[in-house]
Amino acid sequence: MVDPPTEPSLRAWAVDVLGTNDRAGWTRPSASLYPHQWSWDAAFCAVGWATVDVDRALAELEHLLAAQWSDGRVPHIVYDPSVPSGAYEPGPDRWGLTRPAGTSPTPTRIGPPAGSTTSPLVQPAVHAIALLRVWDRAAGRGDLTADVVARVATLWPKLAAWHRYLHTRRDPDGTGLVTIWHPWESGLDNSPRWDAALAHLPTEASRAEPTERRGDDDGDDGDSGAGSRPRPDTAVVDADQRPSAADYDRYWLLIERGRAAGWSDDALAATHPFRVGDVLSTALLAAADDALGALAVRLADHPGGYQVADHDTLLALAADADRGRAALDGCWDVDAGLCLDRDLRTGEPLRARTIAGFAPLIAGGLLDWSRELLTLLDGPSFCGAPGLRWRTPPSTAVDDPAFDPRNYWRGPTWPVMTWLFWWALRRGGHHERAARLRAAALDQLAATGLSEYVEPRTGEPLGSPDQSWTAAVALDWLAG
């Protein structure tokens, strides 16, 4: 039996994982399963890099934001052109964004900047949270040089444009909720959160043998031709740990519909068959608005004096954050004791008991629900569930019918999500709970390594081994 690593050896292991996955200024999540740069992975990687090298942490965010679209969106994938075609699906050609060789973008066409190949989707806006943590880490290490401050000041307006995109283009009805067009945009790809919203979409099997579908079909006639596609992921990870073939049929269909709409947010808001108000993305954006405001104050107060935002801009940021928190308040479900996503096609809540339901804790400032949520988090459905090896939050409540302890976002515990809960508890002043969660998380990492996710009862490491964002949050915890 191999002894679990000590904290110094765990730190060395985590540094080695980030170094191995470093692609000269950006970090791939893993060597085989995820060979490109992912948006919210990059933010967590920056947090980890900041414990080692502040310049490298800033480079992570700079590389991602160099691919920011002109409308402000930050794409969920920035593709590495050196990765062979077919190594990851969907590849860059699947989105319908590729221009013929030798042509220039038209002024009216939305898309990535010249020289960048990206997806058109987004992921949760955790980047300002990460940048604030990089700043504070640099200040604590005495590394807050004039160059670091200037680079943070340069990133600030890019993040402000990103937040503005989400508050406007992704909230066309002014609900305060961030609207997503695809489960991949939530970051929690195959969570039970999306089962009801996807149920009306046909799969390959249902097209072969028509079955009754739920709800308004928005004109879906099952002839999109999305069909089956290659699954390189299941050549790397066992299929029982990944989304199903039916899930992927629906994911591909949504890509086909997005292509047909030219990835125009206006067109998607009117007709897209998956339109969901995402409570976790909303909560993270509210917290990121707070972080962006705090960064503006730090920049202005620094001896170098960077005035990136005037008083009205700071007030608008605070108002945006409050509007998001008010929207979460409206998504509270008394019966579930959680905050529930909303299917914007039907106006109905999506009833699934998952970690996303703790969105008010992540957003902060919603004290009305914090006591109930903390009790639920500690209770038998989540961290206090009988038989859990560690008191870290499973991605789906263990007593939810959809709970599957081995399958991606349907039950396993994710160290990166444990970090978010720990960060939120500390931010909310729940320091004892946060300390217990950190201790449990480090015990888990010592036993399972730096895997993508973990079976919550047996402790079996699952998904991709040596995952970059797992290494990154380990480094942040170990740095104190």
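One can find the structure itself at the top, above this paragraph.
What this report covers is the structure whose coordinates are included nearby.

Description of the overall build of the chain
And step 1. When you go through the chain residue by residue, the secondary structure sums to 16 helices and 10 strands.
And step 2. Taken along its principal axes, the extent of the C-alpha atoms in the chain is 65 × 55 × 45 Å.
And step 3. Every one of the 480 residues in the chain was classed for burial, and the buried ones make up 59%.
And step 4. Summing over all exposed atoms, the chain offers an accessible surface of approximately 18,300 Å²; the carbon and sulfur share of this is 51%.
And step 5. A gap of 1 Å separates the mean positions of the 45 positive and 65 negative side-chain charges of the chain.

Considering the packing of helix α5 (residues 146-168) against helix α10 (residues 279-301)
Between two packed helices, both the angle of their axes relative to each other and the distance between the axes serve to describe the pair.
And step 1. The geometry of α5 relative to α10 is characterised by a closest axis approach of 10 Å and an angle of 150° between their N-to-C directions. By the angle class used here, α5 and α10 are roughly antiparallel. Considering only the axes of α5 and α10, their crossing is left-handed. Contacts between α5 and α10 involve V149, V152, A153, W156, L159, A160, H163, L166 and H167 on the former and, on the latter, L285, A288, D289, L292, L295, A296 and L299.

Observations concerning the packing of aromatic side chains
The geometry of an aromatic ring pair is captured by the separation of the ring centres together with the interplanar angle, meaning the angle of the planes.
And step 1. The full count for this structure, using the stated rule, is 23 aromatic pairs.
And step 2. Here Y408 and W409 contribute two aromatic rings whose centre-to-centre distance is 6.3 Å and whose plane-to-plane angle is 65°, an arrangement assigned as edge-to-face.
And step 3. Note on W409: relative accessible area 1%, which makes it buried.
And step 4. Each ring, one from Y408 and one from W414, has its centre 5.5 Å from the other, and the planes form 65°; the classification is edge-to-face.
And step 5. For Y408, a relative accessible area of 6% translates into the label buried.
And step 6. Here W414 falls in the buried class, since its relative accessible area comes to 2%.
And step 7. Each member of the aromatic cluster is reached from another via a ring pair, and the members are W40, F44, Y408, W409, W414, W419, W422, Y453, W469 and W477.
And step 8. Its guanidinium or amino end placed over the ring of Y248, R231 lies 3.8 Å from that ring's centre, counting from NZ or CZ.

As for the nonpolar core
What tends to happen in soluble globular proteins is that the nonpolar side chains get buried as a cluster.
And step 1. Among the nonpolar cores identified, the biggest contains 143 residues, and F44, F358, M417 and W419 are the most heavily contacted of them.
And step 2. Top element by residues in this core is α10. It accounts for 13 residues.
And step 3. Contacts of M417, omitting those with residues within four sequence positions, involve W40, L280, I355 and W409.

Examining helix α1 (residues 7-21)
And step 1. Between its terminal C-alpha atoms α1 stretches 21 Å, which fits the 21 Å expected from 15 residues at 1.5 Å a residue.
And step 2. Along α1, the residues classified as buried are L10, A14, V17, L18 and N21. All buried residues of α1 project into a common sector of 95° when viewed along the axis, lining one side.
And step 3. Those residues of α1 hidden inside the fold are in contact with α2 (39-49), α15 (431-448) and α16 (468-479).

Some details on the state of the cysteines
And step 1. As enumerated under the stated definition, the model contains zero disulfides in all.
And step 2. Between C383, a cysteine without a disulfide, and C339, which holds the nearest cysteine sulfur, the sulfur-to-sulfur distance is 18 Å.

A word on the sheet that holds strand β4 (residues 276-278)
And step 1. Read from one edge to the other, the open sheet built from four strands follows the order β3-β4-β7-β8, with strand pairing classed as antiparallel. Two strands close off the open sheet at either side, each with one partner strand: β3 (178-180) and β8 (348-349).
And step 2. The pairing of strand β7 (residues 342-343) with β8 spans two bridges and is antiparallel. Each bridged residue has a counterpart across the sheet, and for D343 the counterpart in β8 is E348.
And step 3. Here α10 sits on the sheet in contact with β3 and β4, set at roughly 45° to β4.

Comments concerning helix α11 (residues 311-330)
And step 1. If you check α11, its first and last C-alpha atoms are 29 Å apart, about what 20 residues at 1.5 Å a residue would give, namely 28 Å.
And step 2. All of the buried residues in α11 are L317, D320, A321, G324, R325, A327 and L328. Along the axis of α11, the buried residues cluster in a sector spanning 160°; they form a single face. Of the exposed residues in α11, the ones pointing more than 90 degrees away from its buried face are H311, D312 and G330.
And step 3. Taken together, the buried residues of α11 touch α5, α10, β5 (332-333), β6 (338-339), α12 (359-363) and α14 (415-427).

A closer look at the pattern of salt bridges
And step 1. Tallying each qualifying case throughout the model produces 32 salt bridges.
And step 2. A salt bridge links R164 to D320; the nearest nitrogen and oxygen atoms lie 2.7 Å apart. With R164 in helix α5 and D320 in helix α11, the pair connects residues that are 156 residues apart, well separated along the chain.
And step 3. With relative accessibility at 39%, the residue R164 sits in the partly exposed group.
And step 4. Judged by its relative accessible area of 9%, D320 is buried.
And step 5. Between D322 and R325 there is a salt bridge, with the nearest N and O atoms lying 3.5 Å from each other. Of this pair, D322 and R325 both sit in helix α11, three residues apart, which is roughly one turn of that helix.
And step 6. By sharing partners, the salt bridges in this structure join D71, R73, R170, E185 and D265 into a single network.

Quick look at the environment of L132
And step 1. Looking at the element boundaries, L132 is found in helix α4 (residues 127-141).
And step 2. Excluding residues within four positions of it along the chain, L132 makes contact with A291, A294, L295 and R298.

Basis of the calculations
- Residues numbered from 1 in each chain as written.
- Predicted model: local features only at pLDDT ≥ 70, side-chain atom pairs only at ≥ 80, totals over all residues.
- Heavy atoms only, no water.
- Helix = DSSP H or I, 4+ residues; strand = E, 2+ residues; numbered from the N terminus.
- Buried < 20%, exposed > 50% of the residue type's maximum accessible area, 1.4 Å probe, protein only.
- Areas by Shrake-Rupley, 256 points an atom, 1.4 Å probe, with all protein chains shown as cover.
- Lys, Arg positive; Asp, Glu negative; His and termini not counted.
- Charge placed at Lys NZ, Arg CZ, Asp CG, Glu CD.
- Axes fitted to C-alpha atoms, helices over the stretch in contact; angles between N-to-C directions.
- Parallel < 35°, antiparallel > 145°, perpendicular 65-115°, else oblique.
- Left-handed = near helix turned anticlockwise from the far one by under 90°.
- Contact = heavy atoms within 4.5 Å.
- Phe/Tyr/Trp six-rings, centres within 6.5 Å; stacked < 30°, edge-to-face > 60°.
- Lys NZ or Arg CZ within 6 Å of the ring centre and 35° of its normal.
- Core = buried A, V, L, I, M, F, W, Y, C linked by side-chain atoms within 4.5 Å.
- Expected span 1.5 Å × (residues − 1).
- Arc of directions from axis to C-beta.
- Disulfide = S-S within 2.5 Å.
- Pairing = 2+ DSSP bridges.
- Salt bridge = Lys/Arg side-chain N within 4 Å of Asp/Glu carboxyl O.

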